Each structure stands twice: as structure tokens, then as C-alpha cells.
Amino acid sequence: MLPAYLEYYKPTSLYEAVALFQELKRANKQPMYFSGGTEVLTLGRLNMDTPGSIIDIKGIPECITLERTTQFLTIGASVPLTVIEADDSFPLLANVSSEIADRTARNKITIGGNICGKIFYREAVLPFLIADSHLLIASLQGVHQIPINVIFNKELVLEEGQLLVNIRTESHFLNNPFISQKIRKQWETGYPLITGAAMKVDGALRIAFSGICPFPFRSPAMEKEINNTTLSIESRIENAINHLPEPILDDIEGSREYRLFVLRNLLTDFLLEMEGYNG
Ligand SMILES: Cc1cc2nc3c(=O)[nH]c(=O)nc-3n(C[C@H](O)[C@H](O)[C@H](O)COP(=O)(O)OP(=O)(O)OC[C@H]3O[C@@H](n4cnc5c(N)ncnc54)[C@H](O)[C@@H]3O)c2cc1C
């Protein structure tokens, strides 16, 4: 539950933010970082988060940067999804982000909040998993850059008080051929039944998913099977599906069997499109 009196802080440097977190924790004030705030407020109202103090990170320059150089695209953790869409430096990311929630919510939802959030879909992480991006993480010990495929395992594995600062992607990934598809049970907004994102890198397809399992993932074992062009498309898809991580979701949005049916169709579309069968 959100208490009637919540302490609010807006630090202007990384050190101030991480030091404040530890200080508030020692004072038993249950601190939480606050980026777009949509999830903090939603889970707070549902009594699932119980912050006693919040640390708004939108005053920290490194968290609100959006910078493209010849080598990298760097996106601050507090950049809203609509800003990423309008910028369009990374079209696969812009496409995936533009399918999350509605535009009004996306004006608030930030890239870092989506990736660090407790609600497990975290769709905006998919393009970064595919592009082997790097995350800048701050703690009292300083800042460290860590490959996303090392530190993101079902969720972003942070120690208490660590802060995601920004995400860096090498420029040569940004404009590779890609496809993404979000399939919902119904309506035009809402959480996915399945979202898939794929990109061709050096002739091979990389794929990541949200909605199949209770966590987003990219699977090298699935990619190996999908890229085995000595087999038929049907065999490649079946072999890839045999490497799905468990558990596969079976809930009110869709049964396990229905999700697998949708996944087969989605992978068929991806392969036909990315391997040029659709002209
Ligand atoms: C109407 C609606 C529909 C949605 N639909 C979808 C959807 O279809 N797919 C999807 O993927 N998402 C969807 N979302 C978004 C979603 O599930 C998350 O709630 C949202 O992305 C959180 O972003 P935020 O910036 O508001 O995060 P916040 O609420 O600020 O933070 C979320 C969590 O991350 C922590 N945190 C935030 N920033 C950092 C940081 N830099 N370092 C460390 N920890 C941090 C916070 O402490 C908190 O625990 C939807 C949200 C809404 C409101």
C-alpha cells in the first residue's frame, strides 16, 4: 500500500542516488527507485509494493541521455518509450516499444522501468537481448558496464540498491533487417499472448520472445535450430520449439497448446519474411 506520507527525493547525480538508497534503507524507510512510476504506483495501490520513500532518477543526467555516435546508441534508463519511438535510431526497438500499452501510458513508461519492472513481460528488453547491448549499472562501488546477456537472466539481476543507468548498443546492430510481431488475445492494447522480435545478424537470425514463458528470453539453442537451413522450415521450427525454456504459460490469456500453435505461425511468418520468400 502507498502510505499517506511518502518521502520523495530527486537526486541529481548517480552517487547521490545510490548513497541515498543505502541511507534510506538503514533508516528503515523502504526506498524504491522511481523512473516512469507507472508500476510503482500500480503495485503500490494493489498492496504489492510498499515503499516508504521513493528516489526519482529523472534528475540524473546519465539516466535521461539519448545519444547516438558513430559507434553507439546510448539510451538513459529514464527515457520514455514515446521518445524512443520518435527518435527511431533503433527501428526494432521503436517497433517493439510502440506496441506496449497506449500512447498516454508510454509517455510515462520508461525503458529502464520496463526492463527493471516486476511485471514479467518486459517487452522492451527483447531488442537489447538480440543486439548484445551493454548495461551501465551504478552502485556505491562505482559504475560498471555489463553485457545484457550476462546480467539479464529472466529478469535483470541487480543487487539491492544497484541502479540501471543506461543501455548502450553498438551502431552496427541498429539498422539490420528485423521483424517483430505482438499477438494479443483481444483488443489493440494490453499485455501480449506472444511477442516475438527477430533480427538478421551476419546472415543468421536472432530471436527473442515475451509472453511464452513467465519471463522474456533469447535462446541460443533455439536460434541454432532455426538457422539450420539444411532442413525444411517445418522441421527447423519443431526443433526450435523442443528447446523452449520451461514453464510455458497456461493461463487465462491462452492455454499452453494455443500459445504453441500461435508460436508456430509466428515463426513461420518470421522465416518466410526474413529469408525472402515473401518477395
Ligand atoms: C496500461 C499499461 C499497459 C502496459 N502494457 C504493457 C505491455 O503490454 N507490455 C509490457 O512489457 N509492459 C507493459 N506495461 C508496462 C509495465 O508492465 C511496467 O509497469 C512499466 O514498464 C514500468 O515502467 P516505469 O518507467 O513506469 O517504471 P517504474 O514504475 O518507475 O519502476 C518499475 C520498477 O523498476 C524499478 N526501477 C525503475 N527504474 C530503475 C532503474 N533505473 N534501476 C533499478 N530499478 C529501477 C522500480 O523501483 C520499480 O520496482 C504497461 C503499463 C501500463 C500502465
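One can find the structure itself at the top, above this paragraph.
Residues numbered from 1 in each chain as written. Predicted model: local features only at pLDDT ≥ 70, side-chain atom pairs only at ≥ 80, totals over all residues. Heavy atoms only, no water.

*Asks:* I'd like a description of the packing of aromatic side chains, backed by residues and values.
*Replies:* By the definition in use, this model includes seven aromatic pairs. Ring geometry for Phe 90 and Phe 128: centres 6.2 Å apart, planes at 70°, overall edge-to-face. Placement of the pair is Phe 90 in the loop between helix H3 (81-87) and helix H4 (91-97) and Phe 128 in helix H7 (residues 126-130), with a sequence separation of 38 residues. Neither residue differs from the other here; Phe 90 and Phe 128 are each classed as buried. Between the aromatic rings of Phe 215 and Phe 217, the centroid separation amounts to 6.1 Å while the plane-to-plane angle is 65°, which identifies the pairing as edge-to-face. When its relative accessible area of 7% is taken as the criterion, Phe 217 is described as buried. By way of ring pairs, the aromatic residues Phe 120, Tyr 121 and Tyr 191 are connected into one cluster. Between the NZ or CZ atom of Lys 154 and the centre of the ring of Phe 215, over which it lies, the distance is 4.8 Å. We note Arg 168 situated over the ring of Phe 72; from NZ or CZ to the ring centre the distance is 4.5 Å. (Phe/Tyr/Trp six-rings, centres within 6.5 Å; stacked < 30°, edge-to-face > 60°. Helix = DSSP H or I, 4+ residues; strand = E, 2+ residues; numbered from the N terminus. Buried < 20%, exposed > 50% of the residue type's maximum accessible area, 1.4 Å probe, protein only. Lys NZ or Arg CZ within 6 Å of the ring centre and 35° of its normal.)

*Asks:* Mind laying out helix H12 (residues 256-274), listing which residues take part and the relevant values?
*Replies:* The terminal C-alpha atoms of H12, which comprises 19 residues, lie 26 Å apart, in line with the 27 Å expected from a rise of 1.5 Å per residue. Those residues of H12 that fall on the buried side of the exposure criterion are Arg 259, Leu 260, Val 262, Leu 263, Leu 266, Leu 267, Phe 270, Leu 271 and Met 274. Lining the buried residues of H12 we find strand E11 (178-183), strand E12 (194-201), strand E13 (204-213), helix H10 (220-226) and helix H11 (233-241). Phi turns positive, to about 85°, at Gly 276, one or two residues after H12. (Expected span 1.5 Å × (residues − 1). Contact = heavy atoms within 4.5 Å.)

*Asks:* So what about the side chain of Arg 184? Which residues, and what values?
*Replies:* Position of Arg 184 among the secondary structure elements: in the loop between E11 and E12. A polar contact of 3.3 Å, which involves the side chain of Arg 184, links it to the backbone oxygen of Gly 190. Aside from chain neighbours lying at most four places away, what touches Arg 184 is Glu 99, Thr 189, Gly 190, Tyr 191 and Leu 193. (Polar contact = N/O pair within 3.5 Å; in protein donor to acceptor, adjacent residues only side chain to side chain.)

*Asks:* Can you tell me about the site of the ligand, naming the residues and giving the values?
*Replies:* In the vicinity of the ligand there are 31 residues, among which Tyr 33, Ser 35, Thr 38, Thr 110 and Glu 123 approach most closely. Contacts to the ligand include Asn 114, whose side-chain N or O atom sits 3.2 Å from an oxygen atom. Summarising the interface, the protein chains cover 89% of the accessible area of the ligand, which totals 1,000 Å² for the free molecule. The set of elements that each furnish at least two residues to the shell around the ligand consists of strand E2 (31-34), helix H2 (38-45), helix H6 (111-116) and strand E10 (163-170). Per-class residue counts for the shell around the ligand are 16 nonpolar, ten polar and five charged. (Near = heavy atom within 4 Å. Areas by Shrake-Rupley, 256 points an atom, 1.4 Å probe, with all protein chains shown as cover. Nonpolar A, V, L, I, M, F, W, Y, C, P; charged D, E, K, R; others polar.)

*Asks:* How would you sum up the nonpolar core? Please name residues and give values.
*Replies:* Among soluble globular proteins, nonpolar side chains are generally buried collectively. Of all hydrophobic cores here, the largest spans 35 residues; its most connected members are Ile 75, Phe 90, Ile 111, Ile 115, Phe 128 and Leu 135. Considering each element in turn, this core owes the most residues, four residues, to H7. Residue-level mapping places this core at the junction of two domains, with at least three residues from each of domain 2 (62-173) and domain 3 (178-274). Here Phe 128 is in contact with Ile 75, Phe 90, Leu 93, Ile 111, Ile 115, Ser 133, Ile 148, Ile 167 and Thr 169, once residues within four sequence places are set aside. Listed in part, the 27 residues of the second largest apolar core include Phe 209, Ile 237, Leu 244 and Phe 270. (Core = buried A, V, L, I, M, F, W, Y, C linked by side-chain atoms within 4.5 Å. Domains from an automatic or database assignment.)

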